[in-house]
Amino acid sequence: MKLYRHKVQYYETDQMGIVHHSNYIRWFEEARINLMDQMGISYQKMEEMGIISPVLSVEADFLRMVRFGGNVLIRAVITEYNGIKLAVSYQVIDKSTNMVQCKGVTKHCFLNEQGRPISLKKSYPQIHKLFEKEFAKGKRLEKKREDNENNSEKEKAES
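Points about the packing of aromatic side chains
Each aromatic ring pair is summarised here by two numbers: the centre-to-centre distance and the angle between the ring planes.
1) Next: Counted under the stated rule, the structure contains 7 aromatic pairs.
2) Next: Ring geometry for Tyr-24 and Trp-27: centres 5.1 Å apart, planes at 55°, overall tilted. Within this pair, Tyr-24 and its partner Trp-27 are both found in helix H1 (residues 22-39), separated by 3 residues, close to a single helical turn. Neither Tyr-24 nor Trp-27 differs from the other in exposure class; each is buried.
3) Next: Consider the rings of Phe-28 and Tyr-90, whose centres lie 4.3 Å apart with planes at 5°: the pair is stacked. Of this pair, Phe-28 sits in helix H1 while Tyr-90 sits in strand S4 (residues 85-94), and the two are 62 residues apart along the sequence. Across this residue pair, the class does not change: Phe-28 and Tyr-90 are buried.
4) Next: Feature note: the residues Tyr-24, Trp-27 and Phe-62 constitute an aromatic cluster, connected by ring pairs.

Focus: the environment of Met-99
1) Next: Summarising the element assignment, Met-99 is placed in the loop between S4 and strand S5 (100-109).
2) Next: A residue is classified by how much of its surface remains accessible, and Met-99, at 36% relative accessible area, is partly exposed.
3) Next: Between the C-alpha atom of Met-99 and that of Cys-109, which follows or precedes it by 10 residues, the distance is 31 Å.
4) Next: Setting aside residues up to four positions removed in sequence, Met-99 forms contacts with Arg-64, Val-92, Ile-93 and Asp-94.

Overview of a nonpolar patch on the surface
1) Next: A cluster of nonpolar side chains, contributed by Ile-25, Val-55 and Val-58, occupies part of the molecular surface with about 210 Å² of accessible area.
2) Next: If you trace the backbone, Val-55 turns up in strand S2 (residues 55-62).
3) Next: Residue class for Val-55 comes out partly exposed when judged on its relative accessible area of 43%.

Calculation rules
- Residues numbered from 1 in each chain as written.
- Predicted model: local features only at pLDDT ≥ 70, side-chain atom pairs only at ≥ 80, totals over all residues.
- Heavy atoms only, no water.
- Phe/Tyr/Trp six-rings, centres within 6.5 Å; stacked < 30°, edge-to-face > 60°.
- Helix = DSSP H or I, 4+ residues; strand = E, 2+ residues; numbered from the N terminus.
- Buried < 20%, exposed > 50% of the residue type's maximum accessible area, 1.4 Å probe, protein only.
- Contact = heavy atoms within 4.5 Å.
- Patch = residues over 30% accessible without salt bridge, like charges linked within 9 Å, V, L, I, M, F, W, Y side chains within 5 Å.
- Areas by Shrake-Rupley, 256 points an atom, 1.4 Å probe, with all protein chains shown as cover.
- Salt bridge = Lys/Arg side-chain N within 4 Å of Asp/Glu carboxyl O.

Here you go:
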């Protein structure tokens, strides 16, 4: 999947020209919607079908400052999925340095229009397959990232 690109706007910053923390949550949503578009199921289409997916929780770790005029890439990866609940992890990466500026996670569930939990696997198997496929990709990506981190730590220990 292509990473979501964002250019930091002036209104997203505080008096010091640093991105206000609340904007990262908006960027997570933009990246999640972009991911779903790339998966082949837009958020709008899901809502038209009567499926809503509210945010249950949000976590964000701010590692480095992002400033006005900066360009960031946001990686969104499905890290948990069971047909009823979904978790997406995010990395906000400075485009010029490739450094991770912020990491986060959002957790969601799937509800019908009456606000009752639904299983995509049972009620919308075609959508379930799209999420399942992306979740499998996310697991492979996380495994690869862990392997790279372990190799880096091993190399440091040996030197």
